[in-house]
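Descriptive analysis of the structure
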Amino acid sequence: MNADSKSYFEDISGEWDQMRECFFSEKVREAACAIAEVQPRQSAADIGAGTGFLTEELLSRDLRVVAVDQSSAMLELMQRKFLHSNDIEYKQAQADERIPLPDNSVDYAFANMYLHHVESPLEAIREMARITTFGGRVVITDLDAHTYEFLREEHHDRWMGFERDDITVWLKEAGLKEAGTDCIGEDCCDTSCDGTTTARISIFGAWGTKKGRH
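Here is a short report on the structure shown in this document. Please read all numbers here as calculations on a predicted model, not as lab measurements.

Helix and strand content of the chain: eight helices and seven strands. Looking at the chain residue by residue over its 214 residues, the buried ones come to 56%. Split by element, the accessible area of the chain, about 9800 Å² in all, is 44% carbon and sulfur.

Right under this line is the structure:
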């Protein structure tokens, strides 16, 4: 995530929950959990956790969560939101550099609407795979490829969405098996600041399972 993007999220952290409600619904996190086939009393990393949109769903399903985000302001808001939860650990880090977790340490690694903000999506996926246990699952929910330039200018998106075939290739290159992508039946919507352009972009779900020792 570049410096401009980091500054952007620091600046809008207090408004993020309200903004997110306009962008996409809770169905996105429900789809991510369904893809992962999450089971209670297991552990998950929420990469690019923001103020806890996905973490909230994971906690409701009785998982322990490590919330990772580059923005200290986002994490501070998240800590206040989940003040009474003992099932969250907070880490400030950039996922395409190094996630501060040991190898094979969580059952699931999620990244919701995060990948299009990083400099190197493949390295971010490699890191997600590294921290996932053997037989665990990496799940990504993000934007399909689009041409809405205002999202790059106004929200500091690094990537204009992704081709699903590229995501599948990256998942396999990260050492994950049974890799695939599919539409989750939800769109991300936004309107440019000047009101002249409205974006509606389909959201994909992607997954891969970490190969076992044998």
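Back to the write-up after that little detour.
So, about the packing of aromatic side chains. Applying the stated rule across the entire model yields six aromatic pairs. Look at Tyr148 and Phe150: their rings are 6.4 Å apart centre to centre, the planes differ by 70 degrees, and that puts the pair in the edge-to-face class. Look at Tyr148 and you get partly exposed, because its relative accessible area is 23%. The buried category is assigned to Phe150, whose relative accessible area is 8%. The cationic tip of Arg158 hangs over the ring face of Trp159; the distance from NZ or CZ to the ring centre is 5.0 Å. Here the guanidinium or amino end of Lys210 rests over the ring plane of Phe134, the centre of that ring lying 5.1 Å away.

About the criteria used
Residues numbered from 1 in each chain as written. Predicted model: local features only at pLDDT ≥ 70, side-chain atom pairs only at ≥ 80, totals over all residues. Heavy atoms only, no water. Helix = DSSP H or I, 4+ residues; strand = E, 2+ residues; numbered from the N terminus. Buried < 20%, exposed > 50% of the residue type's maximum accessible area, 1.4 Å probe, protein only. Areas by Shrake-Rupley, 256 points an atom, 1.4 Å probe, with all protein chains shown as cover. Phe/Tyr/Trp six-rings, centres within 6.5 Å; stacked < 30°, edge-to-face > 60°. Lys NZ or Arg CZ within 6 Å of the ring centre and 35° of its normal.

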